[in-house]
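Here is what each chain is made of, one letter per residue.
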Amino acid sequence: MLRIGFLSFGHWGPGGGSRTRTARDALLQGIELAVAAEELGVDGAYFRVHHFARQQASPFPLLAAVAARTSRIEMGTGVIDMRYENPLYMAEEAAATDLISGGRLQLGISRGSPEPARDGAAAFGHVPAAGETAADMARRHTAVFRRAISGAGMAEAEPRYAGSGSGLLPVQPHSPDLGERIWWGAGSRATAVWTAEQGMNLMSSTLLTEDTGVPFDQLQAEQIRMFRQAWADAGHQHEPRVSVSRSVLPIVDEEDRRFFGLSALREKRDQVGKADVVARFGRSYVGAPDAIAEELAADAAVRDADTLLLTVPNQLGVDFNAKLLGTVVRHIAPAIGWVPKPRL
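Residues numbered from 1 in each chain as written. Predicted model: local features only at pLDDT ≥ 70, side-chain atom pairs only at ≥ 80, totals over all residues. Heavy atoms only, no water.

S.K.: Help me understand helix H12 (residues 318-332), please; the structure alone is not making it clear to me.
M.R.: Each α-helix turn comprises 3.6 residues. Residues three or four places apart therefore point the same way. Taking 1.5 Å as the rise per residue, H12 with 15 residues should run 21 Å; its terminal C-alpha atoms sit 20 Å apart, in good agreement. Looking only at H12, the buried set comprises Phe320, Asn321, Ala322, Leu324, Leu325, Gly326, Thr327, Val328, Val329 and Ile332. (Helix = DSSP H or I, 4+ residues; strand = E, 2+ residues; numbered from the N terminus. Expected span 1.5 Å × (residues − 1). Buried < 20%, exposed > 50% of the residue type's maximum accessible area, 1.4 Å probe, protein only.)

S.K.: Is there a simple way to think about the packing of aromatic side chains in this case?
M.R.: We describe a pair of aromatic rings using the distance from one ring centre to the other and the angle between the two ring planes. Considering all chains together, one arrives at nine aromatic pairs under this definition. For the ring pair Phe227 and Trp231, a centre distance of 5.8 Å and an interplane angle of 45 degrees mean the geometry is tilted. Residue Phe227 and its partner Trp231 are located together in helix H8 (residues 216-234), separated by four residues, close to a single helical turn. One residue, Arg139, lies across the ring of Trp194, its end atom 3.8 Å from the ring centre. Over the ring of Phe259 we find Arg258; its NZ or CZ atom is 5.1 Å from the centre of that ring. (Phe/Tyr/Trp six-rings, centres within 6.5 Å; stacked < 30°, edge-to-face > 60°. Lys NZ or Arg CZ within 6 Å of the ring centre and 35° of its normal.)

S.K.: What is the right way to read helix H3 (residues 87-101) from this model?
M.R.: For H3, spanning 15 residues, the distance from its first C-alpha to its last is 21 Å, which sits close to the expected 21 Å at 1.5 Å a residue. Along H3, the residues classified as buried are Pro87, Met90, Ala91, Ala94, Ala95, Thr97, Asp98 and Ser101. Looking straight down H3, one finds that the buried residues subtend no more than 165 degrees of arc, so they occupy a single side. Buried positions along H3 lie against helix H2 (59-69), strand S3 (74-81), strand S4 (105-110) and helix H5 (134-149). For H3, the capping residue at the N-terminal end is Asn86, with a side-chain oxygen 3.1 Å from the backbone nitrogen of Leu88. Remark: Gly102 follows H3 within two positions and exhibits a positive phi of approximately 75 degrees. (Arc of directions from axis to C-beta. Contact = heavy atoms within 4.5 Å. Polar contact = N/O pair within 3.5 Å; in protein donor to acceptor, adjacent residues only side chain to side chain.)

S.K.: Explain unusual backbone geometry here, please?
M.R.: Excluding glycine, residues mostly have negative phi values, and the peptide bonds linking residues are mostly trans. Residue Val79 follows Gly78 across a cis peptide bond; omega there is 5 degrees. In this fold, Val79 is placed in strand S3. In this model, Gln172 is joined to Pro173 through a cis peptide bond whose omega is 0 degrees. Notably, Phe52 is not glycine yet its phi reads approximately 55 degrees, a positive angle. Tracing the backbone shows Phe52 in the loop between strand S2 (44-47) and H2.

Dropping the structure here:
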């Protein structure tokens, strides 16, 4: 395990005990948690993106603010729903954010997940073309976005203003290596193979849209192995990265026990349910740090990935989540082979 990061769902609301009662609370606390995580030696600060919900929806202002307040930690998304995106505008925002960060942006994108809006992308002005599905449209947007961040020409020059005759103009600004730091959120083995063929890193979903009867970690490990084989077969020149997400909730004091004590009794197995299709969900790791360390070390997908994203209960506030991450860094992460990076 080379890197450990946190993944915040960015919830806010007036519920009892919530420390993120407003959108401003959730955004500012996301920035502060990234700063605290960097101090602890955590490698990444990642944020979910959901539209038409009380969650973070426009990630680039948040990521740019994290970039400006930190110097080492990666910042990223898990994931941006590409059905909603104007690919060229997103390319400009992503490049600008990456330049502010000094090349630390890790951008997770995908077709998206179940959402509150019936056809939210259409409300944003994005409708599949004739013969396309919503998933096809997301992949088409992705192809245009990746071409734009590569520096390719995207719009015909107007000779009266461009100053260099005819030709295609690239979007600006341009961040040269950003293309190697795009991840696709894959919910199936077939999608993982497609991701490798496209040359994108793999962000293995917390919800796999297939169930073969094997435990979640083994199904996810099979997905990772298929991805790596497809990557090798495609002959890409750089090494890919693979992330998995886990809910890890160590109980070390009465506050933890009050919030998660009952969860420790019931969250000891995978969950199978229905989203749009039959899906398998991973289990949570709740309990004493030494017990969690032993269980995580035996998790087949955690062993095969190089990046572990810890889903954090963001509504419990910065102090609680910094305590949680500190416990993981000191008492759990070493069991899965993680060591903090030396500080420059």
